[in-house]
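The lines below spell out each chain.
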Amino acid sequence: GEDVEQSLFLSVREGDSSVINCTYTDSSSTYLYWYKQEPGAGLQLLTYIFSNMDMKQDQRLTVLLNKKDKHLSLRIADTQTGDSAIYFCAETLLGTASKLTFGTGTRLQVTL
Amino acid sequence: DAGVTQSPTHLIKTRGQQVTLRCSPKSGHDTVSWYQQALGQGPQFIFQYYEEEERQRGNFPDRFSGHQFPNYSSELNVNALLLGDSALYLCASSALAGINEQFFGPGTRLTVL
């Protein structure tokens, strides 16, 4: 079945790297996504990775995918206070087109 | 280029009432999906519309219905509102050719009293 898990909270200091983790259970994932949600706002697509890739880098963001362990991570380099938000991982499954299944979200707090 | 827009931004209803939420997709997008996000939770897929038809549906009762218009905009209707329907309702649009990229609107905050 579909199940996406995330840790609830992460606190990092400004300038450090943040690593947000996600695990999923369904091996038929096609794409895996990271979305950012700031307070009172909708979801902003940060990046996504095709399920047959291991890594994707986009400026300060690095996505790592371990398909064997069904583990996805998002690394934010040089974390800034503007990165404080809730981060959701999500997946789409084979045969379900663009239906997104989201995790519960990780709240990232960046301290000075 | 306007992104995904939703209206209204906030709405207060009482139990048993009916509500209609509206969404205009990003320019060039023809597919609209609706999600419900309860407080402290991740969004849950309600349904998706393409070519004015419902393509997929999540685990939501028939009280939740939708429509897509020829200009690709969409409505979400909820009948017989329950307290548990209080949530942020998010609309996402995508171009079918690039369905791996979905862009979300700011949402409509529905409060049911």
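The model shown is predicted, which means the values in this text are computed figures rather than measured ones.

Conventions adopted
Residues numbered from 1 in each chain as written. Chains lettered and ligands numbered in written order. Predicted model: local features only at pLDDT ≥ 70, side-chain atom pairs only at ≥ 80, totals over all residues. Heavy atoms only, no water. Salt bridge = Lys/Arg side-chain N within 4 Å of Asp/Glu carboxyl O. Buried < 20%, exposed > 50% of the residue type's maximum accessible area, 1.4 Å probe, protein only. Helix = DSSP H or I, 4+ residues; strand = E, 2+ residues; numbered from the N terminus. Pairing = 2+ DSSP bridges. Axes fitted to C-alpha atoms, helices over the stretch in contact; angles between N-to-C directions. Contact = heavy atoms within 4.5 Å. Buried area = accessible area lost by both parts, 1.4 Å probe. Polar contact = N/O pair within 3.5 Å; in protein donor to acceptor, adjacent residues only side chain to side chain.

Caption draft 1: Representation of the pattern of salt bridges within the structure. With the rule as written, the count across this model stands at 5 salt bridges over all chains. Linking Asp69(A) and Lys68(A) is a salt bridge whose minimum nitrogen-to-oxygen distance equals 3.7 Å. Assessed through its relative accessible area of 73%, Lys68(A) is described here as exposed. In this structure, Asp85(B) engages Arg63(B) in a salt bridge whose closest nitrogen and oxygen atoms are separated by 2.8 Å. Taken together, the positions of Asp85(B) in the loop between strand S8 (74-78) and strand S9 (87-94) and Arg63(B) in the loop between strand S6 (53-57) and strand S7 (64-68) put the pair 22 residues apart, joining distant regions of the chain.

Caption draft 2: Structural view of the sheet that holds S7(B). Residue and element names in this part refer to chain B. A sheet is described by the order of its strands in space; here 4 strands give the open sequence S1-S3-S8-S7, paired in antiparallel fashion. The strands lining the two open edges of the sheet, one partner per strand, are strand S1 (5-7) and S7. Each strand axis lies, on average, 20° off the axis of its neighbour in the sheet, ignoring direction. Judged from the 5 bridges that link them, S7 and S8 form a sheet pairing that is antiparallel. Across the sheet, His67 pairs through a bridge with Glu75, a residue of S8.

Caption draft 3: Geometry of unusual backbone geometry. Residues and elements named next belong to chain B. Put simply, Ser7 and Pro8 share a cis peptide bond, and its omega is -10°. Tracing the backbone shows Pro8 in the loop between S1 and strand S2 (10-13). The backbone of Ala80 sits at a positive phi, close to 45°, despite the residue not being glycine. Note that Ala80 resides in the loop between S8 and S9.

Caption draft 4: Here's a closer look at the interface of chain A and chain B. The partner chain B presents 20 residues to the 18 residues of chain A that form the contact. Interface area for chain A against chain B, summed over the two sides, is near 1600 Å², with a carbon-plus-sulfur share of 53%. When the buried area of chain A at its contact with chain B is split by residue, Leu43(A), Ser98(A) and Lys99(A) rank highest and sum to 30% of it. Taken together, the connections running from chain A to chain B amount to 4 residue pairs in polar contact (both at pLDDT 80 or more). Contributing elements (two or more residues each) for the side of chain A that touches chain B: strand S4 (29-37) and strand S5 (43-50) of chain A.

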